[in-house]
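Listed here are the chains, written in short residue letters.
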Amino acid sequence: MLTLHPWITTLLYLADLAIRLGLSIRVIMRKRPYGESLAWLVVILTLPLVGALAYLLFGENRLGDIRAERAEKRMGAYHKWLGTLRNRYQSPAHPFNDSYYTPVLYHSSHLTGLPVLPFNSVQIFAGTEEFFHNLTQDINQAEKSCHLEFYIWEEKGLVNEIAAALIRAAERGVVVRILIDSLGSREFLKGKMIGKMRRAGIQVVETLPVGILRIIFRRIDLRNHRKIVIIDGKIGYTGSQNLVDPRFFKQNKRVGQWQDVMLRMQGPIVEALNGTFVSDLLMETGMKPESAYEIQQMTEPAPADNTERQTCIQLVPSGPGFSPTTIHDILLTAIYTARRELILTTPYFVPDQAFINALTSASQRGVEVTLILPEKNDSLLVALASRSRYEELAAAGIRIMFFKKGFLHAKTINIDNKFSLIGTVNFDMRSFWLNFEVSLFIFDTDFTRQLRSLQEKYKKSAYPLDINLHKKRSKVKQFLENIALLVSPLL
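These lines cover the structure that appears in this document, whether it is placed above or below.

Thresholds, definitions, all that
- Starting from 1, residues in each chain are numbered consecutively following that chain's sequence as written.
- In keeping with the model being predicted, local features are shown solely for residues with a pLDDT of at least 70 and side-chain atom pairs are shown and tallied solely at 80 or more, while totals for entire chains, interfaces and linings include all residues.
- To obtain the side-chain values, all non-hydrogen atoms of the structure were used and water was disregarded.
- Numbering of helices and strands runs from the N terminus; a helix is a DSSP stretch of H or I covering at least four residues, while a strand is a stretch of E covering at least two.
- Only heavy atoms enter the contact rule, under which two residues are in contact if any of them lie within 4.5 Å.
- Salt bridges, as used here, are contacts in which a Lys or Arg side-chain nitrogen is within 4 Å of a carboxyl oxygen on Asp or Glu.
- When a residue's accessible area, from a 1.4 Å probe over protein chains only, is under 20% of the maximum for its type it is buried; when over 50% it is exposed; and in between it is partly exposed.
- Only protein atoms enter the 1 Å grid used here. Points where a 1.4 Å probe fits but cannot escape make up a cavity, open sets with protein on both sides within 12 Å along at least five of seven lines make up a pocket, and a residue lines them when an atom lies within 4 Å of a point.
- Grid points are joined across faces, edges and corners, and a volume is the space filled by probe spheres set on the points.
- Asp, Glu, Lys and Arg are counted as charged, while Ala, Val, Leu, Ile, Met, Phe, Trp, Tyr, Cys and Pro are counted as nonpolar; the rest, among them Gly, fall into the polar class.
- A pair of Phe, Tyr and Trp rings is counted when the ring centres sit within 6.5 Å of each other, with Trp represented by its six-membered ring. The angle between the planes then sorts it: under 30 degrees is stacked, over 60 is edge-to-face, the rest tilted.
- Both a distance and an angle decide whether a charge sits over a ring: NZ of Lys or CZ of Arg must be within 6 Å of the ring centre and within 35 degrees of the ring normal.
- The definition of a polar contact used here is a pair of N or O atoms within 3.5 Å, where within protein one atom must be able to donate a hydrogen and the other to accept one, and adjacent residues in sequence count solely through side-chain atom pairs.
- Paired strands are those between which DSSP finds at least two bridges.

## Some details on the side chain of threonine 370
Alright, step 1. Among the structural elements, threonine 370 can be located in strand E12 (residues 368–374).
Alright, step 2. Apart from the residues lying within four places of it in its own chain, the contact partners of threonine 370 are Leu342, Ile343, Leu344, Arg399, Met401 and Lys459.

Laid out in structure tokens, this is it:
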């Protein structure tokens, strides 16, 4: 039997103690949200060596030295562009004269620097086939450029039609640039289609690459979660849909087909989306900011075809390099703005206490709050942590419903049927604090009513939480849920 000399054992103990104490001090001194700090302290202090290793791998938003330097240069170019955007699109007299909107408008403009952009048209797609069909048509009609940025690209089904359309576009002289997340699209990056695309002249850039050596220098679970398409600088898409065919995607998880929502837009908001894409391209490739401006082609896009509606939209990008609390803080302000009704849909519901307090406060002051979640979740930890919150939410009068016709992946908020939010942000700490995300605040009652109709369809395919049955769950389940809740700031 192998035995260690007593002094070796003592050295190992002291080294482990020093590492745990040192990292604990580091966590405390970084002054992050208390829930996240407490979760990391629990992991570091209760799991010898493993906890320290987990913190070194996932505990800090490390982009890597080269990428961090590029991000700094990117922000300089980004803010220069923001100045031109604000000057060129002065919002006219519109419903924002209503003081109802003031808190959200001032807060989001202060944190992002992005103005509210008028004169947009918006079309909503609640089905993947409809979205893919329209996107394919737009690519087929592209004359100058196609820019795409996605977290997941899976080489199956209808997605291959998008790839074929992009190849045809490149072959007729359209400049096609694609940003694709290294972890989310790892199978696509090893597949055959990417070779065909590159041979056709398409620039495919792998964002935030992962690998054994890279783990030492950067955080590998910090991901680019954006979904953006810009065609000729005139047509833009964003929403929750990855480039996957739901008939095939993650069917082994047995949660059903994914249900998403995407928006097709025309008008000035397209330039804001393109600016975000170009900013990310600059960070990943290291190109000069001047070249990025040339790619951006910052000519003023034509107003939307239907200017009578004048839909006003504000883009809110978030992630490393931006204010670290941007989307989290603006969402809190939006929730506190509600006076009558809040409807929220999200696949992953693991918020912090501040978010929970905002929802319960809304319900307690008379706002009708409805939270629609998928019946089954593809993440066991997320499902456990979510369930630990149900009693608190239900006690405050919040209605929790479970969508049963597939995996509801749409991330939406409807506030008083006056304005709404759609984007890539899940209601969890990863989306709030870590990932590169993009959200749209849409200040348009007509559009918000359309979103409300879609949310009502979700509700018709959902059933409410039976709180009495939920309370009867076993003590073992309750214990596991509370353990998951302890580490929920890290999920």
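## Some details on the pattern of salt bridges
Alright, step 1. For the coordinates displayed, the defined rule picks out 14 salt bridges.
Alright, step 2. Taking the shortest distance from any N to any O, the salt bridge between arginine 223 and aspartate 181 comes out at 3.1 Å. In this pair, arginine 223 sits in the loop between helix H10 (214–217) and strand E5 (228–231) while aspartate 181 sits in strand E3 (residues 175–181), placing the two residues 42 residues apart along the sequence.
Alright, step 3. On the basis of relative accessible area, arginine 223 is assigned to the buried category, the value being 4%.

## Brief notes about the layout of surface pockets
Alright, step 1. Here the largest pocket defines a volume of roughly 880 Å³.
Alright, step 2. Tyr151, Ile152, Lys250, Tyr348 and Asp378 are, among the 30 residues lining the largest pocket, the residues nearest its centre.
Alright, step 3. The biggest single contributor to the lining of the largest pocket is helix H8 (residues 186–189), with three residues.
Alright, step 4. When its residues are assigned to classes, the lining of the largest pocket shows 11 nonpolar, nine polar and 10 charged.
Alright, step 5. As a volume, the second largest pocket reaches approximately 500 Å³.
Alright, step 6. Glu375, Arg387, Tyr390, Phe402 and His470 are, among the 23 residues lining the second largest pocket, the residues nearest its centre.

## Quick notes on the packing of aromatic side chains
Alright, step 1. What the rule picks out here adds up to 16 aromatic pairs.
Alright, step 2. On the basis of an interplanar angle of 25° and a centroid distance of 5.3 Å, the ring pair of phenylalanine 419 and phenylalanine 443 is categorised as stacked. You can see phenylalanine 419 sitting in strand E16 (residues 419–423) and its partner phenylalanine 443 sitting in strand E18 (residues 437–443), a full 24 residues away along the chain. For the residue pair phenylalanine 419 and phenylalanine 443, the accessibility class agrees, reading buried in each case.
Alright, step 3. In this structure an aromatic cluster arises from ring pairing among Tyr100, Tyr101, Phe419 and Phe443.
Alright, step 4. Cation over ring: lysine 418 sits above tyrosine 100, and NZ or CZ is 4.3 Å from the ring centre.

## Looking at the side chain of asparagine 224
Alright, step 1. Considering the arrangement of structural elements, one finds asparagine 224 in the loop between H10 and E5.
Alright, step 2. Among the polar contacts listed, one links the side chain of asparagine 224 to the backbone nitrogen of arginine 226, at a separation of 3.1 Å.
Alright, step 3. Beyond its immediate chain neighbours, meaning those up to four positions away, asparagine 224 contacts Glu149, Tyr151, Asp181, Thr207, Leu208, Asp280 and Phe436.

## Here we look at the pairing of E12
Alright, step 1. Counting buried residues along E12, six of its seven residues qualify, which places the element largely inside the surrounding structure.
Alright, step 2. Where strand E10 (residues 341–345) and E12 come together, five bridges link them in parallel fashion. Among the inter-strand pairings, leucine 344 is bridged to a residue of E12, identified as leucine 371.
Alright, step 3. By the bridge criterion, five bridges tie E12 to strand E13 (residues 399–403) in an arrangement that is parallel. Residue isoleucine 372 lies in a different strand from E13, and its bridge partner there is methionine 401.

Read these as geometric descriptors, not functional statements.
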